[in-house]
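Examination of the molecular architecture
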Amino acid sequence: MLPARTDAELDAMRDAGRVVAQTLAAVRAAAVPGVRLRDLDDLAQTCIREAGATSSFLGYKPAWAPTAYNGALCLSPNEVVVHGRPSGQRLKDGDLLSIDCGAVVDGWNGDAAITVQVGSHGSADDARLVTATEEALAAGIAAAVPGATLIDVAQAIDAVARRYGYAHLPDHGGHGIGRSMHEPPFVPNRPHAGLDRVRLHAGSTLAIEPMLLAGGERYRHKKDGWAVVTADGRRAAHVEHTVAVTDDGPVVLTLP
Ligand code: MF3
Ligand code: CO
């Protein structure tokens, strides 16, 4: 059974979520051609600090990662799907950039991501990919109601991906969230056996994050061991919200 957060705990998570949303808005505005990924990360670190919060990404070291994480954002351009690290790389007009941010306030986490087209020459294909991924997230959120199971969430996300003809990034998905950024359960973006056993109830909190691929689903890791890159070099989009399941319906906690 997933932990049931109290109203006071959800308020605390909303405070963390607000910092994440405000940071993402600032980084979105700053993500223009010529800017280095590292500059965007510096901006995010300043935003998070000035809001009185701390970054959940900075120094994070999951078991599978070779090194502790070196930034407050994951910045994943073009064929990088997720977990791109801040670097000296400069954004170019027409890039497609996933920006993922996590913050902690009073011990509670918020985690969200957006995908943006950089500059004024973004392609219609990229715009369609972003629209599909945002629709998939909205559908997954709408399915997160008391009594539903994770299969309902996965089916809702997958139905949108199928309708648009996009692939999922295999082996990746969302997660429970609360006092830690990553808590059980794993929240897959497509249905598989057993998911119907994980039931949602009022007070459940999830990070839902579709990652859709324009091309095939094969991927590899960059040499840094973090960044996930499509094998065919085609582009990806990734969006995420932290969501509370309530008796009044799903509530997005990562809003400004
Ligand atoms: N926010 C990512 C996720 O959605 C986690 C990034 S891990 C980090 O689960 F170490 F890169 F920050
Ligand atoms: Co997440």
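These numbers come from a predicted model, not from an experiment.

Among the nonpolar cores identified, the biggest contains 31 residues, and V153, L200, L206, I208 and L212 are the most heavily contacted of them. In this view, L206 contacts L2, L150, H175, G176, I177, P185, V187, L200, H241, T242 and V243; residues no more than four positions away in its chain are not counted. Of all hydrophobic cores here, the second largest spans 25 residues; its members include L37, L97, I99 and A103.

As a further point, take the site of ligand 1. Every residue lining ligand 1 is accounted for by F57, Y60, Y69, C74, H83, D100, D111, H175, H182, E209, W226 and E240. The separation between a nitrogen atom of ligand 1 and a polar side-chain atom of D100 is 3.0 Å. At a separation of 2.6 Å, an oxygen atom of ligand 1 approaches a polar side-chain atom of H182. Summarising the interface, the protein chains cover 97% of the accessible area of ligand 1, which totals 330 Å² for the free molecule. Partitioned by chemical class, the residues of the shell around ligand 1 number five nonpolar, three polar and four charged.

Below, the discussion takes up the packing of helix α3 (residues 124–142) against helix α4 (residues 150–164). Direction vectors running N to C along α3 and α4 enclose 160°, while the axes themselves pass 7 Å from each other. With respect to α4, the axis of α3 lies roughly antiparallel. Considering how the two elements wind past one another, α3 and α4 form a crossing that is right-handed. Across from R128, T131, A132, E135, A136, A139 and G140 in α3, the residues of α4 making contact are V153, A156, I157, V160, R163 and Y164. Looking at the contact of α3 with α4 residue by residue, the class counts come to eight nonpolar, two polar and three charged.

Each protein donor to the cobalt ion (ligand 2) is listed here as D111 (OD), H175 (NE2), E209 (OE) and E240 (OE); together their distances run 2.0 to 2.4 Å. One can describe the site at the cobalt ion (ligand 2) as irregular: its six donor atoms subtend angles covering 46 to 176° at the metal. Written as a sequence motif, the donor arrangement for the cobalt ion (ligand 2) is D-x63-H-x33-E-x30-E. Of the two residues, D111 is situated in strand β5 (residues 108–117) and E209 in the loop between β9 (205–208) and β10 (211–213); the sequence distance between them amounts to 98 residues. Exposure remark for D111: the relative accessible area of 2% places this residue in the buried category. On the basis of relative accessible area, E209 is assigned to the buried category, the value being 7%.

The terminal C-alpha atoms of helix α2 (residues 37–50), which comprises 14 residues, lie 20 Å apart, in line with the 20 Å expected from a rise of 1.5 Å per residue. Every buried residue belonging to α2 is among L37, L40, D41, A44 and I48, and all of these are buried. Each buried residue of α2 lies within a common arc of 100° when the element is viewed along its axis, so the set occupies one face. Those residues of α2 that are exposed and angled more than 90 degrees off the buried face are R49 and E50. The first or second residue beyond α2 is G52, which carries a positive phi of 80°.

Take the UniProt feature "binding site: a divalent metal cation 2" (unreviewed entry) in the protein chain next. Following the UniProt record, the feature "binding site: a divalent metal cation 2" (unreviewed entry) maps to D111, H175, E209 and E240 here. These annotated residues cover 130 residues of sequence, and their C-alpha atoms lie no more than 10.6 Å from one another, placing them together at a single site. Within the structure, D111 has its side chain in polar contact with the side chain of H175 (distance 3.1 Å). If sequence neighbours within four positions are ignored, E240 has contacts with D100, D111, A112, A113, L137, H175, A207, I208 and E209.

The strand order across the open sheet built from three strands is β6-β10-β13, with neighbouring strands paired in antiparallel fashion. What marks the edges here is a single partner per strand, and that holds for β6 (167–168) and β13 (236–238). For β6 and β10, the ladder comprises two bridges, and the chain directions are antiparallel. Of the residues in β10, the one forming a bridge with A167 is L213.

Bringing the packing of helix α1 (residues 7–30) against α2 into the picture now. Where α1 meets α2, the closest approach of the two axes is 9 Å, and the angle between their N-to-C directions is 150°. The crossing of α1 and α2 is right-handed. Within the contact between the two elements, α1 uses V19, T23, A26, V27 and A30 and α2 uses L40, L43, A44, C47 and I48. Residues belonging to the contact of α1 with α2 are distributed by class as follows: nine nonpolar, one polar and no charged.

Another point: the pairing of strand β4 (residues 96–105). Among the ten residues in β4, ten count as buried, and that is most of the element. The alternating pattern of β4 places L96, S98, D100, G102 and V104 and L97, I99, C101, A103 and V105 on opposite faces, both of which are buried. Bridging between strand β1 (residues 54–55) and β4 involves two bridges; their strand directions are antiparallel. Looking at β4, one finds that S55 is bridged to A103.

Reading the values: the criteria
- Note on numbering: residues in each chain are counted from 1, in written sequence order.
- Chain A is the first chain written and ligand 1 is the first ligand written, with later ones labelled in order.
- At least 70 in pLDDT is required for a residue's local features to be given in this predicted model, at least 80 for side-chain atom pairs to be given and counted, and no such filter applies to totals for whole chains, interfaces and linings, which use all residues.
- Excluding hydrogens and water, the side-chain values take into account all heavy atoms of the structure.
- To define a nonpolar core, start from buried Ala, Val, Leu, Ile, Met, Phe, Trp, Tyr and Cys residues and group those joined through side-chain atoms within 4.5 Å.
- Buried residues are those whose accessible area, probed at 1.4 Å on protein chains only, stays under 20% of the maximum for their type, while exposed residues exceed 50% and partly exposed ones sit between those limits.
- Any two residues having at least one pair of non-hydrogen atoms within 4.5 Å are treated as being in contact.
- If even one non-hydrogen atom of a residue comes within 4 Å of a molecule or strand, that residue is called near it.
- Here a polar contact is taken to be a pair of N or O atoms separated by no more than 3.5 Å, where protein atoms must pair a possible hydrogen donor with a possible acceptor and residues adjacent in sequence count only if both atoms sit in side chains.
- To be clear on the numbers: accessible area is Shrake-Rupley with a 1.4 Å probe, and residue cover counts the displayed protein chains and nothing else.
- Three classes are used, and their members are as follows: Ala, Val, Leu, Ile, Met, Phe, Trp, Tyr, Cys and Pro are nonpolar, Asp, Glu, Lys and Arg are charged, and the others, Gly among them, are polar.
- Between N-to-C directions, angles cover 0 to 180 degrees, with each direction set by a line fitted to C-alpha atoms, over the stretch in contact for helices.
- Going along the chain from the N terminus, every DSSP run of H or I of four or more residues is numbered as a helix, and every run of E of two or more is numbered as a strand.
- In these notes the angle categories are as follows: under 35 degrees is roughly parallel, over 145 is roughly antiparallel, 65 to 115 is roughly perpendicular, and the rest is oblique.
- The crossing is said to be left-handed when, going from far helix to near helix, the turn is anticlockwise and less than a right angle, and right-handed when the turn is clockwise.
- Listed donors are limited to N, O and S atoms within 2.8 Å of the metal, widened to 3.2 Å for Na, K and Ca; water is not among them, so incomplete-looking sites are possible.
- Here the metal geometry follows the donor angles, with tetrahedral for four donors whose angles all fall between 85 and 135 degrees, square planar for four and octahedral for six when opposite donors are more than 155 degrees apart and every other angle is between 65 and 115, and irregular for all the rest.
- Multiplying 1.5 Å by the helix residue count minus one yields the expected span of that helix.
- As used here, the arc is the angular range of directions from the helix axis to the C-beta atoms.
- UniProt positions are given in the numbering used here, feature names are shortened, and annotations may be inferred rather than shown by experiment.
- In this description, strands pair whenever DSSP reports at least two bridges between them.

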